[in-house]
Amino acid sequence: MRETRTVPVAPKIERKASAALGRNVLNSLQSFPRGMECIDPLGLGIIDNRSLRLITDKLESSPSKADRESVDSNLREKLLYFSEKFDPKLFLSRIHRDTAAADLEAGAHALKSDLQGRTLQRKQLVKENFDCFVSCKTTIDDIESKLKRIEDDPEGSGTSHLFNIIQGVSLQANRAFEPLFERQAQAEKIRSVQGMLQRFRTLFNLPSTIRGSISKGEYDLAVREYRKAKSIALPSHVGILKRVLEEVEKVMHEFKGMLYKSMEDPQIDLTEVENIVRLLLELEPESDPVWHYLNTQNQRIRGLLEKCYIDHEARMETLQNEKRERALSDAKWRKIQFQANEVSNDGFPNTLGDVDVLVESHPMDVIGEEFDALRGKYIRRLTAVLIHHIPAFWKVALSVFSGKFAKSSQVSADVNVNANAKSDEKVTDGKYSSHSIDEVAGMIRNTISTYEVKIQNTFHNFEDSNILCSYMSDAIKEIFKASQTFEAKESAPPVAVAALRMLYSEITKIYILRLCSWMRSCTEDISKTETWIPVSILERNRSPYTISSLPLAFRSILASTMDHINLMIQSLRSEASKSEDIYLLLKETQESIRLAFLNCFLDFAGHLEGIANQVSQTRAGREDSLIQNGYSHETPEESTDVFPGSVVNSYQKLLMVLSNIGYCKDELSYAMYNKYKHIWKSRGRTEDDTDIRDLVMSFSGLEEKVLEHYTTSKASVIRNAIVNYLLDSGINWGGLPAVKGVRDAAVELLHTLVAVHAEVFAGAKPLLDKTLGVLVEALIDTFLSIFSEQENKDLKSLDANGFCQLMLELEYFETILNPYFTPDARESLKSLQGVLLEKAIESVSEFVENTGHARKSTRVGEDALGDERQGAVSPDDLIALAQQYSSDLLQTELERTRVNAACFMESTPLDTVPESAKAAYASFKGPLDSPTRGYRSQQSIGSPVYNQNRRR
């Protein structure tokens with residue numbers, strides 16, 4: 001027997017050739033003799049009953065229900081070659097639908113050759129036995145004629161008479177044996193039914209057998225019995241068998257539902273899942289069991305996330321209720337204590353009902369560390385759900401789509417039926433082809449999105465007041481831990497890993513920006529509570545600035561915040577190398593940190609400026625009030641609301657503000673910037689120096705503004721002292737007695753600068769030279785201003801003695817304050833000396849003209865007499881006279897008042913002090929020679945070089 005070959009027909013055969021081939025094959029099949037041996041006419045194999053059964057079974061086992069119903073006896077007869085109803089077209093479409101075209105052509109040729117051979121054989125047979133055929137034909141004709149004659153003779157022994165007699169006998173027999181025949185028919189039916197029951201005994205017992213196997217947990221046996229029943233070929237006209245099969249299908253449907261339900265058990269083992277999937281695949285389920293399991297697990301993970309949210313809301317509500325009850329209890333207790341001290345008019349305490357109404361009308365805010373602790377716990381639970389379930393879920397998905405999951409499902413329970421196994425394998429492949437691993441990755445990505453939303457909402461609810469606590473940083477660590485877990489091999493799809501990385505980076509950025517915002521807000525808060533208490537030199541790390549605790553508090557806030565930011569940036573840098581998006585986000589965050597850091601310093605500078613303005617306005621308002629009440633502006637300031645050891649004087653407060661500014665400018669800004677610039681610094685940056693330079697310039701500008709407040713205030717004090725020195729000392733500058741030395745009024749004027757020196761030295765030592773330089777310049781300018789204002793009033797006359805007295809005291813001031821004389825101050829001093837010289841010459845000339853030369857100076861001699869005759873006094877004579885007094889008295893006065901000028905000498909190197917002042921200062925140790933003043937030898941003796949234009 002030749003084996004039937006199944007070769008797919010080539011798809012590229014032309015349509016005309018195919019049609020011609022079909023016609024040839026059909027003609028050959030139609031001309032093939034009927035009733036011959038069941039050989040494939042095309043010569044491709046022998047078709048016997050067994051092969052025909054396989055063909056029909058194959059058609060019956062087709063997935064299509066219509067194909068199974070079409071297989072009946074009529075179709076079977078049309079496919080049999082020996083049947084009269086043989087249909088060549090149906091035969092070709094059913095049997096040879098997969099046969100190659102070449103094989104069909106060869107079969108058609110063989111069929112024609114065989115037909116021609118058989119025709120020739122028949123002709124040869126007739127030719128060789130023609131005589132026999134003729135003899136047989138004659139004999140047959142004779143017999144036929146004799147039979148017709150016998151049939152036509154009514155009296156003879158014809159068949160008609162015999163037929164009638166036999167028919168009568170048959171009727172009598174039927175009447176006698178009819179009950180027996182009926183019982184025999186019933187017995188035959190019973191035997192037929194019994195045979196059928198015996199034949200399908202297994203099928204009738206199948207529902208109970210399957211139920212018993214399922215109840216015992218023998219699932220494989222139940223599936224095997226079911227598949228065996230499906231393989232039985234049942235008669236189509238027996239309805240009871242169909243009902244039995246329907247009952248079996250109902251039982252198996254319940255069984256499949258039970259299997260699907262068991263896969264939803266969260267405690268189910270993976271091995272058990274594989275076994276269930278294998279069983280379901282063998283039962284040909286309506287839906288893919290593996291995809292059902294994956295969907296179930298994904299929904300379970302999302303359900304766990306939602307359960308965490310519900311539990312968190314319940315805990316938050318419970319805590320809120322506890323706090324409300326605690327507040328209500330505290331309010332009641334406070335009212336009870338209050339009522340214990342006060343009794344109402346009728347002798348009874350007031351009711352407490354209003355307390356309940358007050359507490360209930362103000363809902364409790366969900367703030368505080370307890371609420372943040374619950375939020376942190378909520379984030380930990382959410383992250384634990386992902387870490388515990390997502391990796392296992394992804395590994396199952398990988399095993400499913402890589403072919404490692406439920407491998408046994410690919411093997412049929414009936415190893416003998418290869419065709420059924422191939423069919424099942426095709427069905428299984430078809431189910432899996434509708435899904436892919438990317439769909440599972442998208443499923444996980446959607447779950448991660450749900451996690452992201454919950455994390456972001458919760459993180460935004462954290463309180464800024466607890467930002468330096470561990471709640472926010474611990475939440476970020478939890479997200480980072482989940483990201484690290486997902487990065488492990490076969491733990492999560494790449495899209496989920498990228499999503500968690502981005503979530504970690506975004507949450508870190510949000511935390512950093514909130515830290516920056518909190519840093520600036522805390523800077524504003526601490527600036528509102530200046531205590532004005534100077535810190536010790538150890539607390540300020542031996543800084544020369546006498547600062548308050550405000551810059552240290554600012555430094556503490558800045559350092560603690562930037563330390564947290566530094567840790568976050570370090571972890572963010574490690575993630576930036578893995579993603580371009582995270583790298584860009586890192587750069588944006590670094591720039592935000594840099595701007596926040598610099599703006600925080602600028603904000604603090606603005607707050608210091610506001611404090612200085614407030615102090616100046618308070619001092620100005622107090623001075624105006626005191627002046628209106630008739631008190632001196634130097635009345636000591638007192639405040640009842642001060643801290644022990646704090647500064648109360650407004651000038652000292654301004655100096656403390658200046659120290660705070662100088663400390664930030666010279667020390668704090670450089671120290672903090674150099675410590676934390678690596679956070680935002682990158683290679684190739686050139687703006688680092690620009691940042692710190694701009695920051696220092698901002699503080700320098702603020703320092704100039706506040707120093708101007710201080711010097712302006714002190715300049716007014718100095719002006720009042722100069723007014724007392726020139727006008728309120730009871731001296732007549734037009735009739736002053738001979739010069740005897742520096743007056744006490746000059747020493748009192750110097751004491752004003754001594755007080756400023758002591759104040760600045762104690763409050764803002766690095767600004768001492770700058771402050772005194774400004775005030776010395778203001779001192780000389782104030783002299784010029786007052787002389788200009790009082791030129792025609794109290795200072796309209798200045799004799800030679802007055803001129804010499806003022807020149808001596810001005811030189812006294814210049815000698816002591818020489819280190820603080822700026823070039824502008826020296827120019828102003830020269831202008832002042834010129835004004836005094838002009839005024840003295842004018843006064844002396846007027847006096848000489850009015851008195852008629854009644855009085856002459858004994859020291860001028862004959863030269864003076866000559867000048868008086870001429871009606872004028874020589875400027876050189878006055879300058880020479882002033883120099884003579886200075887030479888005789890200045891050194892002595894410096895030694896006499898050395899205690900008053902000691903502060904200026906102690907704070908200034910001796911190499912910058914004039915020789916006369918050095919000698920006076922050295923008198924503490926021993927006398928020193930005092931050379932003459934250098935400026936006198938450089939002055940021109942002739943016409944006065946000082947005039948109003950130069951002074952201005």
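Residues numbered from 1 in each chain as written. Predicted model: local features only at pLDDT ≥ 70, side-chain atom pairs only at ≥ 80, totals over all residues. Heavy atoms only, no water.

Two aromatic rings are characterised by how far apart their centres lie and by the angle between their planes. Scanning the entire structure with this criterion turns up 17 aromatic pairs. Ring plane angle 55° and centroid distance 5.9 Å describe the contact between Tyr 812 and Phe 813, whose orientation is recorded as tilted. For the pair Tyr 812 and Phe 813, a shared accessibility class is recorded, and that class is buried. An aromatic cluster is defined as three or more aromatic residues linked by ring pairs; in this entry it consists of Phe 554, Phe 597, Phe 601, Phe 604, Tyr 673, Trp 680 and Phe 699. For Lys 714, the ring lying beneath its charged end belongs to Tyr 651, and the centroid distance is 3.9 Å. (Phe/Tyr/Trp six-rings, centres within 6.5 Å; stacked < 30°, edge-to-face > 60°. Buried < 20%, exposed > 50% of the residue type's maximum accessible area, 1.4 Å probe, protein only. Lys NZ or Arg CZ within 6 Å of the ring centre and 35° of its normal.)

Core analysis: the biggest nonpolar cluster contains 195 residues, and Met 562, Leu 726, Phe 783, Phe 803 and Phe 904 have the highest contact counts within it. Those residues within four positions of Leu 726 in sequence are excluded, and the remaining contacts are Ile 731, Trp 733, Phe 783, Ile 786, Phe 787, Leu 795 and Leu 806. (Core = buried A, V, L, I, M, F, W, Y, C linked by side-chain atoms within 4.5 Å. Contact = heavy atoms within 4.5 Å.)

What the rule picks out here adds up to 31 salt bridges. One salt-bridge network, in which partners are shared between bridges, spans Lys 665, Asp 666, Glu 703, Glu 704 and Lys 770. (Salt bridge = Lys/Arg side-chain N within 4 Å of Asp/Glu carboxyl O.)

Viewed as axis vectors pointing N to C, helix H17 (residues 437–460) and helix H18 (residues 470–487) meet at an angle of 165°, and their least axial separation amounts to 11 Å. One element, H17, and the other, H18, form an angle in the roughly antiparallel class. For the pair H17 and H18, the sense of crossing is left-handed. From H17, Ile 448, Tyr 451, Ile 455 and Phe 459 reach across to H18, where they touch Met 472, Ala 475, Ile 476, Ile 479 and Phe 486. Classifying every residue of the contact of H17 with H18 by side-chain character gives 9 nonpolar, no polar and no charged. (Axes fitted to C-alpha atoms, helices over the stretch in contact; angles between N-to-C directions. Helix = DSSP H or I, 4+ residues; strand = E, 2+ residues; numbered from the N terminus. Parallel < 35°, antiparallel > 145°, perpendicular 65-115°, else oblique. Left-handed = near helix turned anticlockwise from the far one by under 90°. Nonpolar A, V, L, I, M, F, W, Y, C, P; charged D, E, K, R; others polar.)

Tracing the backbone shows Ser 491 in the loop between H18 and helix H19 (494–527). Residue classification places Ser 491 among the buried positions, given a relative accessible area of 6%. Excluding anything up to four places from it in sequence, Ser 491 contacts Ile 390, Pro 391, Trp 394, Thr 485 and Phe 486.

As a further point, take unusual backbone geometry. Residues other than glycine seldom take positive phi values, yet Glu 490 does so here, at roughly 55°. Along the chain, Glu 490 falls in the loop between H18 and H19. On the basis of relative accessible area, Glu 490 is assigned to the partly exposed category, the value being 43%. Backbone geometry places Asn 541, a non-glycine residue, at a positive phi of 55°. Looking at Asn 541, the relative accessible area reads 64%, which means it is exposed.

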